[in-house]
Amino acid sequence: MSSEKKIKTALVSVYHKDGLDEILQKLNELGVRFISTGGTRNFIESQGFPCDAVEDMTGYPSILGGRVKTLHPKIFGGILCRRELPEDMKQIKAYDIHEIDLVIVDLYPFEETVASGADEQDIIEKIDIGGISLIRAAAKNFKDVIIVASKQQYQPLINLLDSKDGKSDIIDRKYFAKEAFSVSSSYDTAIFNYLDNNGETGFRYAVDNAMPLRYGENPHQKGTFYGDFNAIFDQLHGREISYNNLLDIEAAVNLISEFDETTVAILKHNNACGIASRPTVLEAWKDALAGDPVSAFGGIIISNKKVDAAVAKEINTIFFEIVIAPEYDEKAIEILSLKKNRIILVQKQALSGNRQFRSLLNGVLAQDKNLSTQTASDLKLVTNRPLQGTEEEDLLFANKLVKHTKSNAIILVKNKQLCAGGTGQTSRVDALKQAIEKANEFGFNLEGAVMASDAFFPFPDCVEIAGKVGVTAVVQPGGSIKDDLSVEYCNEHNISMVMTGIRHFKH
């Protein structure tokens, strides 16, 4: 038996009418009969097309404030009947049920209603019953029925109508069924998460827009990104974005979001190897690069202000894989595009959401994002020596940076410029020694620098080592049973120390 089916009758029930008129026009030209109810029926008739009322077919009006409209055997029998089974066809004939070949439906805007801050009663009323039932029924019977479950599927339907004159094969219908179940599963996930207070008893997450990557973390690993990358960025130039590129991009965007004044950061393997805040982007770029011009090669640059031709010219003297900024002038784009594979991104919006998760063992590890950023009022002075000169703003700068650095982490800053960082070390002392060695390698004078630690000092060894190279102020969360030892050393050697009470581990 041929899998080809022709659309003869369409049930249409949509909340949003945008884009529906073109489909109705094409279906009408193909002689398709329309069935609908309520506002959708009025819309169809306003377009000049005849439309049978669901209420006339079922013998029941819309009841319970619109909660029950299409839930009736006359409707669902027409969708679910198996055309190849004589017994099904005999039954629908006996009960005067008409076959329905196409269902076009969308769902009440549940997520939008939750996001609007509506009260619970309004939210509950936006849990769709009839629509979700129509979707599941039509998708289940894809052997005979086409289901269009969202506006995103309007264009594929239009393409099908144009190319096949109202006919479809099993491959077409199975595609629409798959898309429909994607819609229904995402919808149910949103409802569950709302009722479950976003993860009290279970983990559900639904995201569309699969973006195949060149490979995963390594060439032998397959990688895919699920999400709407283009909602956040416009890619102006460059090669396809990779798995590792995405990790660096997220790290860069999260870091730069901490800074309001003009700032440029350079990252490598998710950690900053250079960052500076300055009056101009060009100055910030030069001082960020000075932090570690060796590690900067092949890294990722991000600016929170417009990149002009002068900055682009400087950037172009070194190989950088990715450049991110809120905007560029035309000449800057021309210069940066001279490198064929360089990825140039415009960041259009900030990252949203306050939860993060990763696969772990045989499950998922979820937590709130670290959205805690300390200000001057959060710095508790615990030493005799008060902060002096620019130390406070440098400590705040360093504390923002250490928050976004792999633990164990130590950050050395002077004049709102990263002098060096110790990242991902198994001991805090090793992280500090790594930072000092790098600072010395690139010619930084650490006299008057400040130090930030992502976690407390279990012993006074770190403040002792830092003090000997010229560090005059320290920020740390505190919380060690031996905090007093570090404080005592600072008091004895005229070093300021502030505590925030907030740890910033990052693994």
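Heads up: the structure comes first, above all this text.
Everything numeric in this text was worked out from a predicted model, so none of it was measured.

The rules we used
- Throughout, a residue's number is its position along its own chain's written sequence, starting from 1.
- For a predicted model such as this one, the threshold for reporting local features is a pLDDT of at least 70, and the threshold for listing and counting side-chain atom pairs is 80 or more; totals across whole chains, interfaces and linings nevertheless cover every residue.
- Excluding hydrogens and water, the side-chain values take into account all heavy atoms of the structure.
- Secondary structure elements are taken from DSSP: a helix is a run of H or I of four residues or more, a strand is a run of E of two residues or more, and numbering for both begins at the N terminus.
- The reference for a compact globule is 2.2 Å times residues^0.38; the radius of gyration itself is calculated from the C-alpha atoms.
- For every residue, the accessible area (1.4 Å probe, protein chains only) is compared with the maximum for its type, and the residue is labelled buried under 20%, exposed over 50%, or partly exposed between those bounds.
- Working definition of accessibility: Shrake-Rupley area with a 1.4 Å probe, residue cover restricted to the visible protein chains.
- We treat Lys and Arg as the positive residues and Asp and Glu as the negative residues; His and chain ends play no part in the count.
- A single reference atom marks each charge: NZ on Lys, CZ on Arg, CG on Asp, CD on Glu.
- Polar contact is defined as a pair of N or O atoms within 3.5 Å, subject to the rule that within protein one atom must be able to donate a hydrogen and the other to accept it, and that residues adjacent in sequence are counted only when both atoms are side-chain atoms.
- Pairs of residues are marked as contacts when any of their non-hydrogen atoms sit within 4.5 Å.
- Two strands qualify as a pair provided DSSP detects at least 2 bridges between them.
- Of the grid points, spaced at 1 Å and generated over the protein atoms alone, those admitting a 1.4 Å probe that cannot get out make up cavities, while open sets with protein on both sides within 12 Å along at least five of seven lines make up pockets; any residue with an atom within 4 Å of a point is treated as lining.
- Grid points are joined across faces, edges and corners, and a volume is the space filled by probe spheres set on the points.
- Each residue gets one label: Ala, Val, Leu, Ile, Met, Phe, Trp, Tyr, Cys and Pro are nonpolar, Asp, Glu, Lys and Arg are charged, and the others, such as Gly, are polar.
- Lines fitted to C-alpha atoms define the axes, with helix axes restricted to the stretch in contact, and inter-axis angles between N-to-C directions lie between 0 and 180 degrees.
- Here the angle decides the label: under 35 degrees means roughly parallel, over 145 means roughly antiparallel, 65 to 115 means roughly perpendicular, and every other value means oblique.
- The arc in question is formed by the directions pointing from the helix axis toward the C-beta atoms.
- In this scheme the handedness of a crossing depends on how the near helix is turned from the far one: anticlockwise by less than a right angle means left-handed, clockwise means right-handed.
- Within this scheme, the nonpolar core is defined by two criteria: the residues are buried Ala, Val, Leu, Ile, Met, Phe, Trp, Tyr or Cys, and they are joined through side-chain atoms within 4.5 Å.

Draft legend 1. Structural view of the overall build of the protein. Secondary structure assignment for the protein yields 19 helices and 23 strands. In terms of overall size, the protein is more extended than a compact globule, its C-alpha atoms giving a radius of gyration of 30 Å where 507 residues would be expected to give roughly 23 Å. Based on the C-alpha atoms only, the size of the protein along its principal axes is roughly 95 × 50 × 40 Å. The buried share of the protein, reckoned over its 507 residues, is 46%. Of the roughly 25,000 Å² that the protein leaves accessible, carbon and sulfur atoms contribute 50%. Once the 56 positive and 69 negative side-chain charges of the protein are each reduced to a mean point, those two points are 5 Å apart.

Draft legend 2. Spatial organisation of the side chain of N271. Position of N271 among the secondary structure elements: in strand β12 (residues 271–277). In terms of polar contacts, N271 uses its side chain to reach the backbone amide nitrogen of K406, at 3.0 Å. Those residues in contact with N271, other than ones at most four positions away along the chain, are I266, H404, T405, K406 and T423.

Draft legend 3. Highlighting the pairing of strand β15 (residues 343–347). Taking burial as the measure, the five residues of β15 include five buried ones, the bulk of the element. The alternating pattern of β15 places I343, L345 and Q347 and I344 and V346 on opposite faces, both of which are buried. Bridge analysis of strand β10 (residues 233–237) against β15 gives four bridges, and the strand direction is antiparallel. Its bridge partner being in β15, Q235 is matched across the sheet by L345. In terms of strand pairing, strand β14 (residues 322–325) meets β15 through four bridges, oriented parallel. By the bridge assignment for β15, I322 is matched with I343.

Draft legend 4. View of unusual backbone geometry. Here the residue pair S407 and N408 is connected by a cis peptide bond, since its omega of -10° sits within 30 degrees of zero. Examined against the element boundaries, N408 turns out to sit in the loop between α16 (391–403) and β19 (410–413).

Draft legend 5. Broad picture of empty space enclosed by the protein. This model, assessed by the stated rule, comprises one cavity of 30 Å³ or more. In this structure, the largest cavity encloses a volume near 30 Å³. Those elements that provide at least two residues to the lining of the largest cavity are β13 (300–303) and α14 (309–315). For the lining of the largest cavity, the per-class residue count stands at seven nonpolar, one polar and no charged.

Draft legend 6. View of the packing of helix α9 (residues 154–164) against helix α10 (residues 170–195). Their axes nearest at 12 Å, the elements α9 and α10 cross at an angle of 170°. With respect to each other, α9 and α10 are oriented roughly antiparallel. Between α9, through P156, L157, L160 and K164, and α10, the contact on the second element is made entirely by D172, Y175 and F176. Split into classes, the residues belonging to the contact of α9 with α10 amount to five nonpolar, no polar and two charged.

Draft legend 7. Region of the structure containing the pairing of strand β5 (residues 102–105). By the alternation rule, side chains of β5 split into L102 and I104 and V103 and V105, which are all buried. In this sheet, β5 lies alongside strand β2 (residues 9–13) in parallel orientation, the contact comprising four bridges. By the bridge assignment, A10 is partnered in β5 with L102. Here β5 runs beside strand β6 (residues 146–148); their pairing, made up of three bridges, is parallel. When the bridges of β6 are listed, I104 appears paired with V148.

Draft legend 8. Highlighting helix α19 (residues 483–492). Those residues of α19 lying buried are D483, S486, V487, Y489 and C490. What you see down the axis of α19 is that its buried residues fit within an arc of 160°, all on one side. Facing away from the buried side of α19 by more than 90 degrees, the exposed set consists of D484 and E492. Against the buried residues of α19 lie α18 (461–468), β22 (473–476) and β23 (496–499).

Draft legend 9. Structural detail: the packing of α18 against α19. Two elements in contact, α18 and α19, have axes whose closest approach is 8 Å; the angle formed by their N-to-C orientations is 20°. Between α18 and α19, the angle falls in the class roughly parallel. Between α18 and α19 lies a crossing of right-handed hand. Judged by residue contacts, V463, E464 and K468 of α18 engage S486, Y489 and C490 from α19. Split into classes, the residues belonging to the contact of α18 with α19 amount to three nonpolar, one polar and two charged.

Draft legend 10. Layout of the sheet that holds β10. Spatially, β10-β15-β14-β13-β11-β12 is the arrangement adopted by the six strands of the open sheet, whose pairing is mixed. In this open sheet, the two edge strands, each paired with only one partner strand, are β10 and β12. Across the sheet, the mean angle separating the axes of adjacent strands is 20° when strand polarity is ignored. Together, β11 (263–268), β12 and β13 form the strand contacts of helix α13 (residues 281–290), whose direction differs from that of β11 by roughly 30°.

Draft legend 11. Region of the structure containing the nonpolar core. Judged by nonpolar contacts, the single largest core of 51 residues is most densely connected at V103, I104 and I147. Ignoring any residue separated from it by four or fewer positions in sequence, one finds I147 in contact with V103, V105, L134, I135, A138, A139, F176, A177 and A180. Grouped together as the second largest cluster of nonpolar side chains are 39 residues, F233, I300, I324 and L418 included.

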